[in-house]
Amino acid sequence: MKKNSAMIILCILLAFSSGFSAGRVKKQRQENGSNKQNHYIPHQVVVKFKEVRSLRKTTTGLSSIDRILRKFNVTDIQPLWKNRNALKKLHATSSLEKIYFIHFAGDQSPKKVAEQLNRDPNIEYAEPLYLYRINVEPNDRYFPNQNYLQAISAPAAWDVVKGEQGDVVIAVVDGGTDINHPDLQDNLWVNPDEIPDNGIDDDNDGFVDDVHGWNFANQSNDPTGLSSTPINADHGTLTAGIAAAVTNNGKGVAGVSWNAKLMAIDAGSASSDTSIAFGFQGILYAAVKKADIISLSWGSYHSSSQFEADIIKTATETGCAVVAAAGNDNSDSLFYPAAYDHVLSVAAISNGGVKANFSNYGRTIDVAAPGLAIYNTLNDGTYGAASGTSFSAPIAAGLLALIKTEHPAWSGIQTAEQARVTADNIDDLNPNYVNQLGNGKINAFRAVTDSTFPSIRISSLSILDENGDGIIEPGERVDVMITFFNYLGPVNNVSVRLVDNDSYINLLTEYSSIAAIGTLQEATLSTPLSFRVPENTPRNHHILFTVEFSENHYRDSDKFQLTVLPDFVNTTENKISTTITNKGRIGFADTDNQADGIGFHFNNGPNLLFEGAIIAGTGSKHIIDAARGDLQNGKLQYHEDFQVTTDGDIRIFPGSVSDRESMTIFDDGNAASPLNLLIKQETFTWRSPPYDDLIIFRYRIDNLNGTDLKNFHFGLFFDWDMDSNSFATNKVSYDINRKMSYAYDISDNGPNTYVGVALLSGGKVSSRAIFNDQSKAGPDSWGIYDGFTNTEKWQAISGGLEHIEAGPADISHVIASGPHIIKSNRAIEVGFALVAGDNQAQMNAAIDSAKNLWKHAIPSGLQFKPPEKFELTQNYPNPFTPSESSTTIRYGIVNEGNVELAIFNVLGQRVKTLVKKTQPPNFYLLDWDGSDQSGKLLPSGIYFYRLKAGNFSKAKKILLVR
């Protein structure tokens, strides 16, 4: 790249492919928009062990793990930090000394290696390491001055405080910093515990002569960017100069912080330009070295990472303020690390306050800062300009350094909150992004001069709906009690207002107050806020509420989300994690977008399921289902034939048969030609071996017609993607003795997992293995890339065992029971087991266990049987922690009458009434969140819950731990 000593326009185009297999219609929504796909660092995974024993270069001393490591030809096992004892000085709660990097040879996908390791009980988690992209927006314009400093009132702030008046350190974790740049070298942080150039690790932290920082890209003490990655080098030097360039030296540019100290950390890739490979190691280095501010100008779209969250949590608990760029895709998708808790997420705006067209936005944004043509230092002693949220973030980081200089005793989170609460509202300038650019444009002068602001944030909330079941239903009144935490100045008599822009919500009590809340203290609303949900509110409707705070000159807000009648629950009780719905689907409630669900995971492995659904019928013209249908205009249409009944809301609860059970009731009223059926779906899940690798589904199917229903078949359809890198190596086979159709992958890089679906109930079975791509199928078969017709569905659920194997290819399968005759106003019962194993033998054993449970442990569900006696079971979990979950209480009523269930403390004082009304005979479940009658969380201790129904009275002990 050609440079000019006066200026350079830094333009970086991050090009990504966006192709997908032309014939693979169903995958389009996953593979389009590949700027959001995951990129992993090759030949390496990160692992957190539950216990660290005799680790060596390539072995752990644990035979089960070492067998996996040998399979992947492990070459080295390295600790997260070279001197693990140094991590203990951070007083981190996440046990970082148990985290190691495992290096391996060959071309295995790091994701696949992590999946294998995750299945071992000795490992808390194993993850691939994400490769991040620096956040630079293409730009061919140049501004020869630093107008952005005036835009944020930095000169006025410098009249109050300058970074050189304190000892604040800004760590820039980026692609490398030119530490010899004439406008940076005088501000470099100096490690006080390291003697320069003596070749000794004087501070015994594993880094030799790290006087000014560290270079993770080449493992050296020179954090300057590498010649092999010139864009990284320019990017890192530009972000460093924005935050901490030498100011008032008669040359070059000014840094926002006016001479705060700069800790330079090269976290870039040694070979891939525009890539950050060691970002979280860099964050940890900054935390260990006691940096005050950590600036991150990179990010990626992926699911939340436990490893990354551990590092962020450690840094913020140590006292660091973490600032991150919000991303440059004009998107409101979650962008990490900016989306992690306690990270100040910075969007980009013009100097005047208008959102940059590339900047991300949304509920995770905290503040905005200029991000267009930001002029500052570049590599090799030069200067230039660039645009992007990459350059908004270090502007905010520089401001945090000024705040920290003014308030040295504040924690990093307090420092960041001060920048947030003193920002200027810019909603009027951005009418299309109201409440989506955080608190607005940072204002340096206000941030360093006005310390009277509180910073009130939601810390927890509890809801009380009218029937007390914890599920918000149409027609109900809902009371919300909220507890807040205040990071900054104390405040009294705060007015609190509940706001929503949802046409389905009627606010009843929109105002409440906080009597008083001190610095770093909690407080709860004086009275609940409340709303009513209209009768016509759709199910699974998400409501985003805003809570506004005001007191004299203080204005602030926070957000929370509630859902009306969610149509799915996740079951994660044992090795199988999946989603159960009330609309005839398994894995995802919204199959079209693979939303509202988690798919299917085994032993903490990846999602293996694309689609799961019920298919039933009496002929090709009488099919009811929740699976994909025809292809219209190049897009698959998904059937929605089932609708939940009035009393069929999905519930998940501690069971009387198994450890965790779910129940829902739906009918086929949405079908074009309904069969007039009522279907009660139940699931049973066990925690302990040998039943911890299976889920049993039981269906009671009622014929509501006045005539018998003949030739009825009922089955389950699953489309598996056993290897996300290649669908071509999946197979379906059939075990005739177990009535089980099962899927697996035959490639070396695919998962070892076998998944099976077996019919447990009696009767004949039909099983159909499907080549999804018809070109791979035989002449008498068909595929479903072009849609799944009713004729094909009928063949699948009624065709016997003629087509029971498919693959290697992209595959699906169906297993069904029938034919059945369901008498008028009578019912039949059909049961299936969904199982998995690390090999075929384990899967077979799981099916055998499921058949045994079906035969001996699960009673028939064909007749409703009210409780034979009053029951009050032990709550689950017990003990429980309100901040992590509520606890569930189950009781049974024999006769209709007045029922009272209440919580008492050890002194016998009533602290909350959970139920007080007339109830008919039945079993009941309800959740307690650990709050008293006013909604305030109770302290840790022993409590009792007592059931009174007629002459029956019984109490049980409950332990609350906070």
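Parameters at a glance
- Residues numbered from 1 in each chain as written.
- Predicted model: local features only at pLDDT ≥ 70, side-chain atom pairs only at ≥ 80, totals over all residues.
- Heavy atoms only, no water.
- Helix = DSSP H or I, 4+ residues; strand = E, 2+ residues; numbered from the N terminus.
- Rg over C-alpha atoms; globule rule 2.2 N^0.38 Å.
- Buried < 20%, exposed > 50% of the residue type's maximum accessible area, 1.4 Å probe, protein only.
- Contact = heavy atoms within 4.5 Å.
- Areas by Shrake-Rupley, 256 points an atom, 1.4 Å probe, with all protein chains shown as cover.
- Polar contact = N/O pair within 3.5 Å; in protein donor to acceptor, adjacent residues only side chain to side chain.
- Axes fitted to C-alpha atoms, helices over the stretch in contact; angles between N-to-C directions.
- Parallel < 35°, antiparallel > 145°, perpendicular 65-115°, else oblique.
- Left-handed = near helix turned anticlockwise from the far one by under 90°.
- Nonpolar A, V, L, I, M, F, W, Y, C, P; charged D, E, K, R; others polar.
- Pairing = 2+ DSSP bridges.
- pLDDT = per-residue confidence, 0-100.
- Core = buried A, V, L, I, M, F, W, Y, C linked by side-chain atoms within 4.5 Å.
- Phe/Tyr/Trp six-rings, centres within 6.5 Å; stacked < 30°, edge-to-face > 60°.
- Expected span 1.5 Å × (residues − 1).
- Salt bridge = Lys/Arg side-chain N within 4 Å of Asp/Glu carboxyl O.

Trainee: Would you mind going over the overall build of the protein in detail, with residue names and values included?
Mentor: A count of helical and extended segments in the protein gives 14 helices and 53 strands. For the protein, the C-alpha radius of gyration of 30 Å lies close to 30 Å, the compact-globule estimate for 962 residues. For the protein, the spread of C-alpha atoms along the three principal axes comes to 95 × 70 × 55 Å. Within the protein, the proportion of its 962 residues that are buried is 59%. Within the protein, contacts between residues at least 6 apart in sequence are counted, and of these 68% link residues at least 24 apart. As displayed, the protein has an accessible area near 37000 Å², and 46% of this comes from carbon and sulfur atoms.

Trainee: Describe in detail the side chain of Ser817, supporting the description with residues and values.
Mentor: Structurally, Ser817 is set in strand 45 (residues 811-822). With a relative accessible area of 0%, Ser817 lands in the buried category. Among the polar contacts made by the side chain of Ser817, one reaches the side chain of His820 at a distance of 2.7 Å. Filtering out sequence-adjacent residues up to four positions away, Ser817 remains in contact with Phe712, His713, Phe714, Leu759, Gly762, Lys764 and Val830.

Trainee: Before we move on, can you summarise the packing of helix 8 (residues 279-288) against helix 9 (residues 306-318) with the specific residues and values?
Mentor: Helix packing geometry: the angle between the two helix axes and the distance between the axes. Remark: helix 8 packs on helix 9, axes separated minimally by 9 Å, with the N-to-C direction vectors making an angle of 20 degrees. Relative to helix 9, the element helix 8 lies roughly parallel. Pair helix 8 / helix 9 crosses with left-handed handedness. In this structure, helix 8 uses Phe280, Ile283, Leu284 and Ala287 to contact helix 9, whose residues at the interface are Phe307, Glu308, Ile311, Ile312, Thr314, Ala315 and Thr318. Grouping the constituent residues of the contact of helix 8 with helix 9 by class yields eight nonpolar, two polar and one charged.

Trainee: Tell me about helix 13 (residues 790-798), residues and numbers included.
Mentor: Looking only at helix 13, the buried set comprises Glu792, Lys793, Trp794, Ala796 and Ile797. Here the buried face of helix 13 lies against strand 30 (609-619), strand 31 (622-625), strand 32 (628-632), strand 39 (709-720), strand 43 (765-771) and strand 45. Of the residues one or two after helix 13, Gly800 is the one with positive phi, at around 75 degrees.

Trainee: Summarise the sheet that holds strand 7 (residues 213-215); cite the residues concerned and give the values.
Mentor: Here we have seven strands laid out as an open sheet, ordered 7-8-6-10-12-13-14, and parallel in their pairing. Strand pairing shows two members of the sheet lacking a second neighbour, strand 7 and strand 14 (367-370), which therefore form its edges. Sheet twist, expressed as the mean angle between neighbouring strand axes with direction ignored, is 25 degrees. Here strand 13 (residues 343-349) pairs with strand 14 via four bridges, running parallel. Paired with Val346 across the two strands is Val367, which belongs to strand 14.

Trainee: Please set out unusual backbone geometry residue by residue, giving values where relevant.
Mentor: A cis amide bond, omega 10 degrees, links Tyr336 with the succeeding residue Pro337. Inspection of the secondary structure puts Pro337 in the loop between strand 12 (321-325) and strand 13. Residue His43 is not a glycine yet carries a positive backbone phi of 60 degrees. With respect to the helices and strands, His43 occurs in strand 1 (residues 40-49). Not every positive phi belongs to a glycine, and Lys739 is a case in point at roughly 55 degrees. Topologically, Lys739 is positioned in the loop between strand 40 (730-735) and strand 41 (740-745). The partly exposed category is assigned to Lys739, whose relative accessible area is 24%.

Trainee: Please give an account of the confidence of the model for the protein that cites residues and values.
Mentor: Summing up the model confidence of the protein, the mean pLDDT is 87 and the portion of residues at 70 or higher is 92%. Every residue in residues 1-37 scores below 50 in pLDDT, and together they form 94 contacts with partners more than four places removed in sequence or on other chains. Within the model, pLDDT remains below 50 along residues 136-144, and this stretch shows 30 contacts once partners closer than five positions in the same chain are excluded.

Trainee: How would you explain the side chain of Thr887 if you had to name every residue and give the values?
Mentor: Within the secondary structure, Thr887 is located in strand 48 (residues 887-893). Owing to a relative accessible area of 0%, Thr887 belongs among the buried residues under this scheme. At 2.9 Å, the side chain of Thr887 and the side chain of Asn875 are in polar contact. In contact with Thr887, other than residues within four places in its own chain, are Asn875, Tyr876, Pro877, Phe880, Leu926, Asp927, Trp928 and Ile958.

Trainee: So, the sheet that holds strand 2 (residues 74-79): which residues are in play, and what are the values?
Mentor: Spatially, 2-3-1-4 is the arrangement adopted by the four strands of the open sheet, whose pairing is antiparallel. Each edge of the sheet is formed by a strand with only one pairing partner; in this case those strands are strand 2 and strand 4 (123-130). The mean angle between the axes of side-by-side strands here comes to 25 degrees, regardless of whether they run parallel or antiparallel.

Trainee: Please set out the nonpolar core residue by residue, giving values where relevant.
Mentor: If you look at the biggest cluster of nonpolar residues, it comprises 92 residues, and the most contacted ones within it are Phe484 and Phe531. Membership of the second largest hydrophobic core comes to 64 residues, among which are Leu608, Ala627, Ile650 and Phe788.

Trainee: Could you give an account of the pairing of strand 36 (residues 660-667), with specific residues and numbers?
Mentor: Burial analysis of strand 36 places seven of its eight residues in the buried class, which makes it a mostly covered element. Sheet topology places strand 34 (residues 643-644) next to strand 36; two bridges connect them, and they run antiparallel. The partner of Val644 across the bridge, within strand 36, is Phe666. In this structure, strand 35 (residues 651-653) lies alongside strand 36, joined through three bridges in antiparallel fashion.

Trainee: Could you give me a rundown of the packing of aromatic side chains, with the residues and numbers involved?
Mentor: For the structure shown, the criterion picks out 40 aromatic pairs. A ring pair is formed by Trp81 and Tyr285, whose centres lie 6.1 Å apart and whose planes are at 40 degrees; its orientation type is tilted. Remark: Tyr285 occurs in helix 8 and Trp81 occurs in the loop between strand 2 and helix 3 (84-88); sequence separation between them is 204 residues. For the residue pair Trp81 and Tyr285, the accessibility class agrees, reading buried in each case. The interplanar angle of 55 degrees and the centroid separation of 4.9 Å between the aromatic rings of Tyr699 and Phe714 together place this pair among those described as tilted.

Trainee: Please set out helix 10 (residues 389-406) residue by residue, giving values where relevant.
Mentor: The end-to-end C-alpha distance of helix 10, which contains 18 residues, comes to 26 Å, matching closely the 26 Å that a straight helix rising 1.5 Å per residue would cover. The element helix 10 is extensively covered by neighbouring structure, given that 17 of its 18 residues are classed as buried.

Trainee: Which residues make up the pattern of salt bridges, and what are the values?
Mentor: Scanning the entire structure with this criterion turns up 38 salt bridges. Here Asp838 and Arg119 are joined by a salt bridge, their closest N and O atoms 3.6 Å apart. You can see Asp838 sitting in the loop between strand 46 (827-837) and helix 14 (840-856) and its partner Arg119 sitting in the loop between helix 4 (110-118) and strand 4, a full 719 residues away along the chain. Given a relative accessible area of 25%, Asp838 falls into the partly exposed group. The class for Arg119 is buried, based on a relative accessible area of 10%. For Lys583, the salt bridge is made with Glu640, and the minimal N-O distance between the two is 3.9 Å. Placement of the pair is Lys583 in the loop between strand 27 (576-581) and strand 28 (585-586) and Glu640 in the loop between strand 33 (635-638) and strand 34, with a sequence separation of 57 residues. Lys583 gets classed as buried once you look at its relative accessible area, which sits at 17%. A cluster of three or more residues bridged by salt bridges with shared partners is formed by Glu417, Arg420, Arg457, Asp556 and Asp558.

Trainee: Requested: an account of the environment of Val246, with residues and values cited.
Mentor: Structurally, Val246 is set in the loop between helix 7 (230-244) and strand 8 (261-266). According to the relative accessible area criterion, Val246 is buried, its value standing at 6%. Separated by 12 residues in the primary sequence, Val246 and Trp258 place their C-alpha atoms 6.8 Å from one another. The residues touching Val246, leaving out its near neighbours within four places in the chain, are Asp183, Leu184, Asp186, Asn187, Val253, Ala254 and Asn259.

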